[in-house]
Amino acid sequence: MVKGVIFDFDGVIVESEPLFLDSIILYLRKFNIETDYKDLSYLLGMSMEDIVIELKRKYQITDDLDIINREATEIYNDIKTLDRFSLIPGVEDFMKKCQSKQIKMCVASSSAMDYLLELIKHFNIEQYFQFVLTGDDFEKSKPDPQIYNTAAEKLGIDKKELIVVEDAYNGILAAKRANIYTYGLKASVINQNTSCADKQIYSYSEIDL
C-alpha cells in the first residue's frame, strides 16, 4: 500500500525542461556550438553546479565556472516567462487523488528553492506538499541518493510504502539507489532515458495507489 509519494519537479509536475534546454542552446551559440534537446537531455536532473561543470568539460569552454553559470543563468532569466510553464497533464488530478487517500506528498528536486516556490505558488499547488527539498539543501546532487533518503526520513514512512515519480535518468538512479520504487514518467515533450525505472509510464493514470 502506498503511503507517500515523492515527486521530482521539472518534467514531473511542471513542463519546464524545454525552456531550460533552450537557454543552454542559446548560451552555447556564443561559442558557435550548435546542439539540440537530444544532445543535452542527459543534463536534466543535475544541479546547476554540475551542469556547468559538464558544459565546461564537454564543450571545452575556457571561461571560469562562475562565469559560465552567470551567463547561462542570465540567458535563462531573459527568456523565462510564467506563461511558458504548464502543469504536466494529469498531475493535479493525481495529487487530489493522493490527498483524498491521505497519502503524503513532497517534492525532491535538484532545482533551486526560489524557482520551485515561485512555480508552486503560481500554479496554486502548495497545499499538496508536506515539504519541498531542493538541490540547495545537499552537497551532492542526483544521481546521489541523499535527497531521496532525506525525503523518506522526513516523511516518516517506510521506503516499502513510498514511490518516487521521476523523468530524468539521474533522478531515477538516485531514487533506485535509495531503494524506493520508482516510476519513470514520460509525459514531457523531452524524451529521456527512463529504462532503469521500476516501471515506465506515459500518464499519471498508470500509477497504482
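About the thresholds
Residues numbered from 1 in each chain as written. Predicted model: local features only at pLDDT ≥ 70, side-chain atom pairs only at ≥ 80, totals over all residues. Heavy atoms only, no water. Helix = DSSP H or I, 4+ residues; strand = E, 2+ residues; numbered from the N terminus. Expected span 1.5 Å × (residues − 1). Buried < 20%, exposed > 50% of the residue type's maximum accessible area, 1.4 Å probe, protein only. Arc of directions from axis to C-beta. Contact = heavy atoms within 4.5 Å. Axes fitted to C-alpha atoms, helices over the stretch in contact; angles between N-to-C directions. Parallel < 35°, antiparallel > 145°, perpendicular 65-115°, else oblique.

## Notes on helix 4 (residues 65–79)
In an α-helix there are 3.6 residues to a turn, and that puts residues three or four apart on one side. For helix 4, which comprises 15 residues, the first-to-last C-alpha distance of 22 Å matches the rise-based estimate of 21 Å (1.5 Å per residue) to within 8%. Residues of helix 4 that are buried: I68, E71, A72 and Y76. Buried residues of helix 4 fall within an arc of 140 degrees about the axis and therefore sit on the same side. Projecting away from the buried face of helix 4 at angles above 90 degrees are the exposed residues D66 and D78. Close packing links the buried residues of helix 4 with helix 1 (17–29), helix 3 (48–58) and helix 6 (113–122).

## With respect to the environment of L65
Secondary-structure assignment places L65 in helix 4. Of the residues examined, L65 reaches a relative accessible area of 37% and is grouped as partly exposed. Considered as a pair, L65 and L55 are ten residues apart in the sequence and their alpha carbons are 9.4 Å apart. Sequence-distant contacts of L65, that is, excluding residues within four places in its chain, are made with V52, I53 and K56.

## Details of the packing of helix 3 against helix 4
A packed helix pair is summarised by two numbers, namely the angle formed by the two axes and the spacing between the axes. Remark: helix 3 packs on helix 4, axes separated minimally by 9 Å, with the N-to-C direction vectors making an angle of 110 degrees. With respect to each other, helix 3 and helix 4 are oriented roughly perpendicular. Listed contacts from helix 4 to M48, V52, I53 and K56 of helix 3 are L65, I68, N69, A72 and T73.

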